[in-house]
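# Summary of structural features
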There are 2 protein chains.
Amino acid sequence: MPRGVPAKLFPPHLPGLRQEQGPLHRQLYERLRQAILTGVIPPRSRLPSTRTLAANLGVSRNTVEQAFAQLDAEGLLERRVGSGSMVALPEHARPPDGPVRAPTGRAELAPPLRARGRRVAELPLSAAPSGLLPLTPCMPALDAFPLSLWRRSLQRQSRQTGTQLLSYGETAGWRPLREAVAAHVGTSRGVRCDWRQVLIVTSTQQALDLVARLLLEEGDAVWMEEPGYLGARTAFSATGARLVPVPVDEEGLRVDEGLSRAPKARLAYVTPSYQYPLGLTMSLARRLALLEWARASGAWVVEDDYDSEFRYTSRPIAALQGLGDTGRVLYVGTFNKVMFPSLRLAYLVVPEPLVEPFLRAKSLADGHTALLSQAAMADFMERGHFTAHLRQMRLLYAERRQALLDALRREAGDSLQPVGSVEAGMHVTVKLAGRADDVALVQRAASRGLDTRPLSAHYLGPKRSSGLVLGFSGVDPAALRSAAASLASLL
Amino acid sequence: MPRGVPAKLFPPHLPGLRQEQGPLHRQLYERLRQAILTGVIPPRSRLPSTRTLAANLGVSRNTVEQAFAQLDAEGLLERRVGSGSMVALPEHARPPDGPVRAPTGRAELAPPLRARGRRVAELPLSAAPSGLLPLTPCMPALDAFPLSLWRRSLQRQSRQTGTQLLSYGETAGWRPLREAVAAHVGTSRGVRCDWRQVLIVTSTQQALDLVARLLLEEGDAVWMEEPGYLGARTAFSATGARLVPVPVDEEGLRVDEGLSRAPKARLAYVTPSYQYPLGLTMSLARRLALLEWARASGAWVVEDDYDSEFRYTSRPIAALQGLGDTGRVLYVGTFNKVMFPSLRLAYLVVPEPLVEPFLRAKSLADGHTALLSQAAMADFMERGHFTAHLRQMRLLYAERRQALLDALRREAGDSLQPVGSVEAGMHVTVKLAGRADDVALVQRAASRGLDTRPLSAHYLGPKRSSGLVLGFSGVDPAALRSAAASLASLL
DNA sequence: CGATTTGTCTATATACATTTG
DNA sequence: ACAAATGTATATAGACAAATC
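Report on the accompanying structure. (Residues numbered from 1 in each chain as written. Chains lettered and ligands numbered in written order. Predicted model: local features only at pLDDT ≥ 70, side-chain atom pairs only at ≥ 80, totals over all residues. Heavy atoms only, no water.)

### What about the side chain of Asp 220 of chain B?
With respect to the helices and strands, Asp 220 of chain B occurs in the loop between α7 (204-215) and β4 (221-226). Residue contacts for Asp 220 of chain B: discarding those within four places in its chain leaves Arg 114 of chain A together with Leu 215, Ala 241, Arg 242 and Arg 266 of chain B. (Helix = DSSP H or I, 4+ residues; strand = E, 2+ residues; numbered from the N terminus. Contact = heavy atoms within 4.5 Å.)

### Topic: the interface of chain B and chain A
On the chain A side, the residues contacting the 113 residues of chain B number 106 residues. Counting the surface lost from both chain B and chain A, the interface buries some 9300 Å², and carbon and sulfur atoms represent 55% of this. For chain B, the biggest contributors to the area lost against chain A are Arg 116, Leu 166 and Tyr 168 of chain B; these three give 9% of the whole. Linking chain B with chain A are two salt bridges. Across the pair Asp 209 of chain A and Arg 213 of chain B runs a salt bridge, and its minimum N-O distance is 2.8 Å. Our count for the contact surface shared by chain B and chain A stands at 21 residue pairs in polar contact (both at pLDDT 80 or more). Residue contributions to the side of chain B that touches chain A peak at nine residues, all from helix α11 (residues 355-366) of chain B. (Buried area = accessible area lost by both parts, 1.4 Å probe. Salt bridge = Lys/Arg side-chain N within 4 Å of Asp/Glu carboxyl O. Polar contact = N/O pair within 3.5 Å; in protein donor to acceptor, adjacent residues only side chain to side chain.)

### Quick notes on the pairing of strand β14 (residues 467-471) of chain B
All names here are of chain B. Most of β14 is tucked away, with five of its five residues classed as buried. Neither face of β14 is open: one carries Gly 467, Val 469 and Gly 471, the other Leu 468 and Leu 470, and all of them are buried. Two strands pair when backbone bridges link them, and strand β12 (residues 427-432) and β14 are joined in this way by five bridges, in the antiparallel orientation. When the bridges of β14 are listed, Val 428 appears paired with Leu 470. Bridge analysis of strand β13 (residues 453-454) against β14 gives two bridges, and the strand direction is antiparallel. Within β14, the position partnered with Pro 454 by the bridge is Leu 468. (Buried < 20%, exposed > 50% of the residue type's maximum accessible area, 1.4 Å probe, protein only. Pairing = 2+ DSSP bridges.)

### A closer look at the protein's contact with DNA strand C
Near DNA strand C, the surroundings consist of 23 residues, among which Arg 51 and Arg 79 of chain A together with Leu 24, Asn 62 and Thr 63 of chain B are the closest. Within 4 Å of the protein, the contacting atoms of DNA strand C are 59% sugar and phosphate, with bases supplying the remainder. Arg 61 of chain A places a polar side-chain atom, nitrogen or oxygen, 2.7 Å from a base oxygen of DNA strand C. In the model, a phosphate oxygen of DNA strand C is placed 3.0 Å from a nitrogen or oxygen of the Ser 60 of chain B main chain. (Near = heavy atom within 4 Å.)

### Notes on the sheet that holds β13 of chain B
Hydrogen bonds between backbone atoms are what pair the strands of a sheet, whose relative direction is either parallel or antiparallel. Residue and element names in this part refer to chain B. Here four strands make up an open sheet; going across it, the order is β11-β12-β14-β13 and the pairing antiparallel. The open sheet has two edge strands with one neighbour each: β11 (416-418) and β13. Sheet contacts for helix α13 (residues 385-412): β11, β12 and β14; angle to β12, the most-contacted strand, approximately 20°. (Axes fitted to C-alpha atoms, helices over the stretch in contact; angles between N-to-C directions.)

### Here's the deal with the pattern of salt bridges
Counted by the stated rule, this structure contains 40 salt bridges over all chains. One continuous salt-bridge network, built from bridges that share partners, spans Asp 209 and Arg 213 of chain A together with Asp 209 and Arg 213 of chain B.

### Remarks on the sheet that holds strand β7 (residues 267-270) of chain B
The strand order across the open sheet formed by eight strands is β3-β10-β9-β8-β7-β4-β5-β6 (chain B), and the pairing between neighbours is mixed. Looking at the sheet topology across the chains shown, the edges are occupied by β3 (198-201) and β6 (252-253) of chain B.

### Describing the packing of helix α6 (residues 175-189) of chain B against helix α12 (residues 371-382) of chain B
Residues and elements named next belong to chain B. Their axes nearest at 8 Å, the elements α6 and α12 cross at an angle of 45°. Relative to α12, α6 is oriented oblique. In this structure, α6 meets α12 at a crossing whose hand is left-handed. Residues Pro 176, Leu 177, Ala 180, Val 181 and His 184 of α6 form the contact with α12, whose participating residues are Gln 374, Met 377, Ala 378, Met 381 and Glu 382. (Parallel < 35°, antiparallel > 145°, perpendicular 65-115°, else oblique. Left-handed = near helix turned anticlockwise from the far one by under 90°.)

### Structural notes on the protein's contact with DNA strand D
Near DNA strand D, the surroundings consist of 28 residues, among which Leu 24, Asn 62 and Thr 63 of chain A together with Arg 51 and Arg 79 of chain B are the closest. The share of sugar and phosphate among atoms of DNA strand D within 4 Å of the protein is 62%. Measuring from a sugar or linking oxygen of DNA strand D, one finds a backbone N or O atom of Val 81 of chain A at 3.0 Å. Secondary-structure elements contributing two or more residues to the surface near DNA strand D are α1 (24-37) and α3 (61-73) of chain A together with α2 (50-57), α3 (61-73), β1 (77-80), β2 (84-87) and α5 (147-160) of chain B. Tallied by class, residues from the surface near DNA strand D come to five nonpolar, 13 polar and ten charged. (Nonpolar A, V, L, I, M, F, W, Y, C, P; charged D, E, K, R; others polar.)

### Some remarks on the packing of aromatic side chains
Residue and element names in this part refer to chain A. Enumeration over the complete set of coordinates arrives at 23 aromatic pairs over all chains. Geometrically, the ring pair formed by Tyr 229 and Tyr 276 is edge-to-face, given 5.7 Å between the ring centres and 80° between the ring planes. Of the two residues, Tyr 229 is situated in the loop between β5 (221-226) and α8 (230-238) and Tyr 276 in the loop between β8 (267-270) and α10 (284-297); the sequence distance between them amounts to 47 residues. Following the ring pairs from residue to residue traces out a cluster consisting of Phe 145, Trp 150, Phe 340 and Phe 380. Of note, Arg 328 hangs over the ring of Trp 300, and the distance from its end group to the ring centre comes to 3.9 Å. (Phe/Tyr/Trp six-rings, centres within 6.5 Å; stacked < 30°, edge-to-face > 60°. Lys NZ or Arg CZ within 6 Å of the ring centre and 35° of its normal.)

Written out as structure tokens, the structure reads:
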């Protein structure tokens, strides 16, 4: 017969169980678990019945039952109706040794990475997630996000679709979301596509990575806006492509310069709606010239429409993709900025013949994108919450943009000159007078809790302007004003 | 202003609610549901608060709350904290598909992909997600997944952590999850690591892709188990590595064969706990030999522990990673099989000097992994639900495995010979007598709704055995029996 | 047979956080 | 500021079926 447990383990009204220490059933569970694992209650010994233990402890049977059930589920107890509960034999001996020995490989030399690996390992590590520091570029107004509506979409989907949402998803994405995206970019951005051309990915970064891996070979030339978006550089340079800086003027990318510097480039990466970081809009003439070059030379155009939904005065400019022949343009958009960064949903619209190759690339990279977030996003869009949120953010950001500009003018006067006249985006770029060291300034700003980016870091070539990229979308006007004051005091 | 509901609908002590007619909350739910659907309570009318209704009916608020919550879940009610509950407008059918314009780029020729791109574009497209067809390998028992517990973890996290979960996440993963994974693989798999060595990724596929991109150069030789896992092939071959098939015998990978075929290989990919697809366990001698080779030649060992948690009789074998020097071993595990496929969470444990390079690679590939699922997973583990679920699945799969084997023996006799004696995994592989064409058999099986894989497809070299890989984890014993009968009738 | 025990279900009370008007 | 409402969590009480001894 199994022995009973020493009575002293369960004195009446066990003094250790207290309201303040969290749920009673959890405390009891933890305590029993420790006792079993450390052998204080030996294997095969019988525990008191839930009723008697409950009575002894002065708690309800349900409380004890919950603790026992949890232990049973984890295999620490064997319970049988009628015969009671007893401690199970250890299922698997604890691993060779519990305490983690210092990994012996530690003393080794740094691993010898070679060409491709080094290329990846030497990429800049993107800035640490800096919480809610003011001025972070591309940080949405998280406090204004309609979290409860989003949760409802999540909940609704997690209930309704049941096991369909648990199983493997299609590589291209959840079909209702692809349809919703196709409708959205069609009506609000003028992108011409069928839902079958829409691929759901996790981020702009993943989209660009897939593009690079599929369309670029080592040594291929790629037109990059100068100055331009840093994230795009890492994606293209990791494949060994040759990045060709093509200057940007007030009409956007200088196609003529691109033609003279690298006429045979395989790909051009552009942000025509609201150029990053200068905030210009590409002119119609330049757009047509770019498309014509791509058509004639068989190159690809990657249109990153990352910020396009945010335009505050004039109507949004239609996407490049919808302008002419769509056969050479890959359109990239993201939900991570309009919704929230950790959502991890973006989309890629590719010409029909590229759909299959891209599916394989996506399948290679990570199989498919998580389903629940996709289904919730589709639901959120179908119910109109997305459009509503977008509208609200437009109003909010317009206000914040103005607040930042006003504060900068008041505090810093002419020493910080805003670039670009388009009222759009989630950031403004300001130029520093003369050859001021913007990198040093950014560092000094960081020490005051301001998360800004140096304009000069966005250049590939040696000719760099000095300035700051300031995000205004993430925090409220009051914080923007104090940030501007703090910044001005550093000048 | 929304009108109130006619008072007579809710007289005090509503006489219709009786103990004998089933649960009170259910009766209340049914009654309200009928009233709403028939229009007795018109849309947009406000319901009494749960408290007052509970008082009027003489029941507890929880009872009313349950009924309301159910109605809310079905979309019949719109509830808002503070403002009360009102009847929702009937949902309209989904908006019709937008007018699908024919994409103009359609007539173009197939795009001219070149070397790298072709390598990616010619990868096999993984089998379409085939729903719940019987015998699908690696398909978990989704009907047995504790969905309500999981939803609670999701909800709890989406509330508690608030905006922290919305912002950018760390590239390496959500810290509590990294810690939970380190603890789990440490105690239950004998992996020796610090939580800082744990990287959260979306899938085994992504883990292998990162490994390939960081550690392999074009032309590098890689030892692959022969036969072996198909997914691993695509990851490594996409980088242009040379895949060297190394045969597997009853002790696992033939290290001596690897040494003679490609002594200078840069990497070996192995599934030591439960070899895919043959279901063997690698012997201690082989493990030590493999580690010794890696140490001496500076090669990497990738241990894919995809199936290891499922062992049905003997104790789980500790991981290769914990055996000796951990400096050359990269350990890969996944939650997508123990939990559910669309979760998209897996992990990679790398030697300390590789942590930084891998962070950059992950950052390049997709920035970081979605936060909510990570936080929910950590919560699920901390509460012991993960261990409990794992244990339950072990019992369930052991039963299903036996059911499939019994049915196969009964229906097919000797014509389908199960391979391997280890009672583990989520599939069994059976050999076909002689040189039977397993690919054709798989196709015929597919036409009967059976989702199996040909063993011969898992070979790189010309010497192939003919057989079938049969998953037993996804469906219940009855379905397995009828699948076995159906399969036998095709022989 | 009858007492005991687990395991599950229903209902209640209560506390507390959050949001709304 | 304040009251009212929802929404979540914890604990209790009691009933009953099924298994065990």
